[in-house]
Every structure is written in structure tokens, then in C-alpha cells.
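Notes for the structure review
Given next are the chains, with one letter for each unit.
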Amino acid sequence: MHWTEVLIRYGEISLKGRNRKKFVDRLRANMKQAFRDLTTVKIKAERDRMFLTSDNETELQQAMEKLPSIFGIHSFSPIAKCEADLEAIKEKAIQIIGDDETEGKTFKVEIKRTDKSFPLVTGELQQAIGAHVLTHFPGLIVQMKKPEILLHVEIREEGAFLTSKVFKGAGGMPVGSNGHSLLMLSGGIDSPVAGYLMMKRGVSLDAIHFASPPFTSDQAQEKVLDLAERLSSFGAAVRVHVIPFTEIQQTIAAQVPNNVSMTTTRRLMLRIADLVRTEENALAIVTGESLGQVASQTLESLTAINEVTSTPILRPLISTDKLDIIKIAEEIGTYDISIRPYEDCCTIFSPSNPKTKPKLEKVVYYEGFTDFEPMIQEAVRNRVTYETPRSATDKFDDLL
Amino acid sequence: MIYFDNSATTQPEEQILDSFVEANRRFFANPASLHKAGKEAEKLLERSRQQILSILGVPEGELIFTSGGTEANNLAVIGFAHALRHRGNHLITTVVEHPSILQAFAYLEGQGFEVDYLSVDREGVISISELETKLRKDTILVSIMHVNNEIGTVQPIEKCAKIIHSNSRAVLHSDTVQSFGKLPVSLQGDSPDIITISGHKIHGLKGTGLLAMKKGLRPQPILLGGGQEGGLRSGTASAPNAVALAKAIRLTESGNDGKRFRDWRKRLIAFCGQFENVTVLAPEQGAPHIISLSFHSIKGEVAVNFFQENGIIISTSSACSSKSKQASHVIEAIQLPEKWKSGVIRISFGKNNKEEEITQLEQTLVRFIELLKRGQE
């Protein structure tokens, strides 16, 4: 390691106008949260880029490893600093290029001379450094357009700054810069992916989960907390509200005919979610629904379910194929958690022949025999809220 | 009783025993079970695995818990020979390896693999140039121990790794059972690709051990069954065993007995130098905690008994070969002159040994040598 700082380039934020400062501040706050264990790493935010610095190389390296999962970063480059002296620059250049395979690679030196008092002009510098690098790595081929290795040298008064690498960031917008929403998190494959995609657009999340103990197990709930924890690694903590749902599910099973019970269940879930959303100051509800995947996800079903609220329901996966959803789930590390084999509340009382085209009047008619409102209020009141990421102290520490 | 047989086994440390008992009490469930208790045990098992891989410097690496060093060594040799057979048929090891390695290679020879054995010099060290000439295009596995269990020779394992990695596609396994905790052992940089660690040699428990390897390497399993340990080692996994091993490894890492041991070893080498009928098998590249001596024309067993009568436990060249009448394969390999061959004893230090015990050892040694002189006169 020769790096002394890391240059961070903004993604879409840099296209913003007057609100830019707000976005940059949010990104900085998210990074601070991600680096909370790395006490020596300092973040310096400028108008169009950011710098990480630290005297501790290991921590700087660890910070760099976290950067690819933080939304709002377009790309980043580790930078090596040395004296603004030709010999020192040459030596540094050899060191940082020497980390990589050079045989047969195309190469170019790019100079930025901010300190105009430096004795050599840009062209001379370019030649001197380029020639030195080429004698050391004879396998390199000089190419001006789109070289594979671009050695960038900037001469400032404080010293010379060199980099030869550009790493891709996660893109998107800093989480929290686009408001707050409530994610309906089931424990399946889709809903965590929907949450991830919203976070990528800058939306911070609370999650809501319906539990029906003793039919659903502690492990099913544990799984949901693990999913939320995974999501929280993308830049902002995710709280999970677990709703006790057993009584409502049993009432539905007893009161509503089998073939529309699924629609009623979803409608009640949505009503509960809407109340929690209001209490948690969230603006919208996010679901992992994808059109046509199951009976509750036909346009007719969605219409009948959606009738209970006018809150925006965001469905980032609505037109995504299942295989593509799985691919994202694998990439973001939620797939292995989602496929753990525990029943959730949606599957335990699920009818064998749910209506794919439920008639709204019928659903409303059957629901009309029971007053669900007090049960809904109680469920919201009795919710248990968990914080993720969960704290590091853990019951195994004394053993290990 | 003074205990100087730490290379055979070490006394389990109290806090490791406590962890083991407590983990058996709280997390006895089968980690493969679906219920909550099973999941907890699985989590504990994985936490232990992660802790060990982090200490070894390869958080992304692969770790298989085994019943000890022998199983891990068997799995390394047989498992990797079979897993890499599509690349070639040639294997290399040394003549001074532990029997759990040598017999595994002998078994593979029976299976049609070609094995080359590296010789050693008078101090038990292999030759890098011999390794270099024996490496071939179709060499798939090299196994070289880090520290010899009988005479303490340290093999130049980093140099071996460099030569092997730059001249062949072979993977390097190293039996680090005797070196882990005494010398730096990791899986980073110019290092072996696969290592064996045994719990009871580092104040942990018998029946615990592991095979750790760099990311992307996978042996073919030698135990078949329920597919535990990612299919690499079937048999009900034991979270308490994993905890005990992880704790032993952590405590070993934080301890620092190297300097103490080196001073004692130096002291004993100098001390023994004054007697004619004792020779020290003290390779210049020797591990700090092992020192082997040989007495002229007398059986090592006689010395072991005499020391025991005087309250000091030592062993003949190795516990594993101590019941055999012949000189061990290591003693043969270093071509110790005939008159010294049968009288080899091994003294091995552990963290519980104290300075005074070395003094007592010296005094007992003097008495034994005087007795020998009288007997031989």
C-alpha cells in the first residue's frame, strides 16, 4: 500500500443544481455512518468531489472496501502523495504501477499542473515521467486514447498527487436524499430487492413485517432481521416493525370465504402498514410485487387490494422477471438469506384456489360482517420495533 | 511433576475448558437442524470459523473443522491429490513428514500417483534446489511440514512457496501442527496455500483440528455422509469443539513465549556442550520450543524413565514412534551416527514451564550423565 488518500467522484449528484449541497451533506453523513468503526478516516467534502484521508493505511484500505456499496458515488481512486520533485514523482509512479500486471497493457501519463511555479512545464513532465515508467515496464504500450493504465499526476503546492486506478462506485443517490418510505418485507426473495432498488434512488427505509406466532417461528423473524441488516449495509440503518398478526389471520380464516381470504389478508396488511407509515413519518409504501407472479399480483388483485388507501404504493419490481430479481438478490447478498426454509404468515393459511380476479364488491361485502378496525389498531400498537444493524455485542463473545 | 513433553500434547487451558463446557451446555443442538437451537449452534460454529480465518489473515478463505491433525493431514493430501488429478499425477513431499502425511502419500502411490520425496541434510532441512528440480509441469500438490515434530527443524516454507508458485501450478500444503503459535503462520503472501492446525498442541482439546486454505481451493472429501462442512467433511459438526479451537487459536496468537523458549533452548545447548557422551540435535534453523538430545550408546527410553523417577516428563523422539524399537524415520533421514541413534530424547517447552524447571532439568541431566559414565567405565 502506498496510498495516502482516496478521491471520490459523485454520481448523479453532480448534475443537481441548487440542491447539490443537501445531497453532498447526506452522502457525507452516510459515509460517516459506514466508517463509524474507522476512527482515523477523515472525510473532506468539496463541491464536486470528496477526499478520504487517514494516517492509518489499514483503515484507509478498509474504508475503500466499503465504498463500492455506498450509493451516490460514481467512482473513486486511491491517491499516493509525494514531494513535488521530479525524482520523487518518478519513484512513486513506479511503485503504484508495479502493483499491477503491465505486460501488453496500453499506457498514458496525464499531468495537471496546479502549481505553476514547478520548474518543468506539462509537456516536459509528461515526457520525463513517461520515459521513466517505460524503461521500468518495457511491456507497456503508449496509447493516447483510452489507455488501460492512465497515470494521473497532479502538481499542487502541497506536493504531487498520483493515481493510476479508477474503481466503480455503486451509483444512485445518497440514501435519505429522496425521503423516507415503509418497505413491506416478507422474507421472500422479492421484497429485499425492491427495498434495495429504492435505497439506490436515495430513499431511506423502515420495514414492516407480519408475524403469526406460533404458526411462524422465531427463525422466520430472525431471517427478516438478517435481510434488513443486509439492506442497512447500503448506507443507512433500517428499522423493522414486527406486527403481531395471528389474531387477524385467524379471524379472516373464520369469517371470510376461502377464495377471497387472500385478498382480504392483503388489504388488512396494507391498512396496518399505512398506519405505521403515518406514525413513522414515511411518505410512501414500497412492496416487492411483480405483475403476474402470484394470484395477489394480477392487475385485478392489485386494484382490489390498493382500494384501502390513497398513499403512493411504489412497486419497483412490477415489470421485472423473476430470474432477473434473483440475479439482483444474489448480487446484493439477500438471496441466501431469503431461501432459508421458514414459513411466513402469507403461506400458512393460504387458500388452495385464490381468486386471480377478485371482485371488489364481493370482498368488501364479506369483510363487512366483521369490524377489523379495533384489531388493526391493536396490532399497530403492539408492534415490536427492531434496529438494524444490530449491535455488535453478542452472546457468543464470552465463549470465544 | 515438571512437564516437558509439550510437542506430544499440552495441558488444556482452564478458560478453554470453561468455554467448551459452557458451549456444550448452551449450544448442544445439531447445527444442521432447522429449529432455533440448531440455528444458534450453527451461528456459533460460523462465528468460530470466521474468527480463525481472520486470525490467519484470510477472512474469505475456506476452513474445515476436523477431528485433529491426522484427519486434516489425510484430507489435505488425499483430498487435494484427487481434486487436482485432472491437472497432473505428480506429488512431492519430504522424507521427514509426520506419519499422517507419509502414509497418505504411500496410499496415493498405490492409487497410481507418482510421488517424489525430498531428502534432508544432517540438520533435517530440505534443499530448495532439489525442490526446484523435482517440480514438474504435472506436479499438483507439494506437502512440506513447517516444524519437524522430532528434532524441531524449521523448513524454509516461504522460499518453498515462492519457488512452487512461480514455477508450477501445484498447491502447497504445510503441516503447521508444531509451528502454529511458536512461529508466524498465516495464509497470506508467500505462504502455504493450505495448513493443518491441531487444537491439543496449543493448550486446546484433543479431537479438535482444522484444515484451512486460501479462497477458491477445495479438496475432495474423504468422509462421506450428510454433507456437513459444505460437503467437505461429513459428520455432525460440533460447535463446542469449534469454539474451543477458535479460543485456543486466539489465546495462542496473543501469547508471546518465543523469546523465553529461545533463551532456554540456547541455554540448554550450551549446557549440554560440556558433556562428551551427549550430543544435541540442534539445527541452526530450529524451532524455539523443541530441543532433542542423544546419549551415547544408551536407549532413549532409559533416560525417559530416569527423568520420570526424578519428577520430569520428557519423551523419546516422538510420542507417535516411541513404542517402536527402531530409530525413527527422521533420525534415519538425518543420518545420525549409529552410536547416537538409539539414545534420542525430546524436550519440548510449553507456556506453563518456568525458569526454575530448566535449572532442575539441568541438574537431573548432570546426575544421569554421571550415572552413565559410571556404568560405562
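Conventions we followed
Residues numbered from 1 in each chain as written. Chains lettered and ligands numbered in written order. Predicted model: local features only at pLDDT ≥ 70, side-chain atom pairs only at ≥ 80, totals over all residues. Heavy atoms only, no water. Pairing = 2+ DSSP bridges. Helix = DSSP H or I, 4+ residues; strand = E, 2+ residues; numbered from the N terminus. Salt bridge = Lys/Arg side-chain N within 4 Å of Asp/Glu carboxyl O. Buried < 20%, exposed > 50% of the residue type's maximum accessible area, 1.4 Å probe, protein only. pLDDT = per-residue confidence, 0-100. Patch = residues over 30% accessible without salt bridge, like charges linked within 9 Å, V, L, I, M, F, W, Y side chains within 5 Å. Areas by Shrake-Rupley, 256 points an atom, 1.4 Å probe, with all protein chains shown as cover. Phe/Tyr/Trp six-rings, centres within 6.5 Å; stacked < 30°, edge-to-face > 60°. Lys NZ or Arg CZ within 6 Å of the ring centre and 35° of its normal. Contact = heavy atoms within 4.5 Å. Buried area = accessible area lost by both parts, 1.4 Å probe. Polar contact = N/O pair within 3.5 Å; in protein donor to acceptor, adjacent residues only side chain to side chain. Nonpolar A, V, L, I, M, F, W, Y, C, P; charged D, E, K, R; others polar. Axes fitted to C-alpha atoms, helices over the stretch in contact; angles between N-to-C directions.

Here we look at the sheet that holds strand S15 (residues 384–388) of chain A
Residues and elements named next belong to chain A. Reading across from one edge, S14-S13-S10-S11-S12-S15 is the order of the six strands in this open sheet, with mixed pairing throughout. The open sheet has two edge strands with one neighbour each: strand S14 (313–314) and S15. The pairing of strand S10 (residues 180–184) with strand S11 (residues 204–211) spans five bridges and is classified as parallel. Paired with Leu183 across the two strands is Ala207, which belongs to S11.

Concerning the pattern of salt bridges
Residue and element names in this part refer to chain B. Applying the stated criterion to the full structure yields 42 salt bridges over all chains. Across the pair Lys259 and Asp263 runs a salt bridge whose closest N-O atoms are separated by 2.9 Å. Note that Lys259 and Asp263 are positioned in helix H8 (residues 258–272) at a spacing of four residues, about one turn of the helix. Look at Asp263 and you get partly exposed, because its relative accessible area is 36%.

Looking at the confidence of the model for chain A
Per-residue confidence for chain A averages 90 on the pLDDT scale, and 98% of its residues sit at or above 70. Highest mean pLDDT in chain A belongs to strand S13 (residues 284–286) of chain A (98); lowest belongs to helix H12 (residues 345–348) of chain A (69).

Concerning a nonpolar patch on the surface
A surface patch of nonpolar side chains, about 260 Å² in accessible area, is lined by Leu291, Leu299 and Ile318 of chain A. Along the chain, Leu299 of chain A turns up in helix H9 (residues 299–306).

Things to note about the packing of aromatic side chains
Overall, the coordinates contain 17 aromatic pairs over all chains when judged by the stated rule. With a centroid separation of 4.9 Å and an interplanar angle of 80°, the aromatic rings of Phe295 of chain B and Phe368 of chain B are classed as edge-to-face. Taken as a pair, Phe295 of chain B in strand S10 (residues 290–295) and Phe368 of chain B in helix H12 (residues 355–376) lie far apart in primary sequence, 73 residues in all. Ring centres 5.1 Å apart and planes at 40° place the aromatic pair Phe306 of chain B and Phe368 of chain B in the tilted group. Within this pair, whereas Phe306 of chain B is found in helix H9 (residues 300–309), its partner Phe368 of chain B is found in helix H12, the two being separated by 62 residues in sequence. Each member of the aromatic cluster is reached from another via a ring pair, and the members are Phe4, Phe261, Trp264 and Phe349 of chain B. The ring of Phe23 of chain A is capped by Lys22 of chain A, whose NZ or CZ atom sits 5.9 Å from the centre of that ring.

Points about the interface of chain A and chain B
Across the boundary between the two partners, chain A contributes 12 residues, which contact 19 residues of chain B. Counting the surface lost from both chain A and chain B, the interface buries some 1400 Å², and carbon and sulfur atoms represent 53% of this. Contact with chain B buries surface across chain A, with Phe396, Leu399 and Leu400 of chain A losing the most and accounting together for 54% of the total. Run the count over chain A and chain B and you get four salt bridges. Lys36 of chain B serves as the salt-bridge partner of Asp218 of chain A, at 2.9 Å between the closest nitrogen and oxygen. Between chain A and chain B we count eight residue pairs in polar contact (both at pLDDT 80 or more) in total. Its residues assigned to classes, the side of chain A that touches chain B comprises five nonpolar, one polar and six charged.

Focus: the pairing of S10 of chain B
All names here are of chain B. With respect to burial, S10 is a largely interior element, six of its six residues being buried. In this structure, strand S9 (residues 278–281) lies alongside S10, joined through four bridges in antiparallel fashion. Residue Thr279 lies in a different strand from S10, and its bridge partner there is Ser294. Two elements, S10 and strand S13 (residues 344–348), share five bridges in a ladder whose sense is antiparallel. The residue of S13 that forms the bridge with Ser294 is Val344.

Overview of the sheet that holds S10 of chain B
Two pairing modes exist for strands in a sheet, parallel and antiparallel, and in both the strands are linked by backbone hydrogen bonds. All names here are of chain B. In spatial order, the strands read S9-S10-S13-S12; together these four strands make up an open sheet with antiparallel pairing. What marks the edges here is a single partner per strand, and that holds for S9 and strand S12 (315–316). Sheet strands in contact with H8 are S9 and S10, and its direction is about 15° off that of S10.

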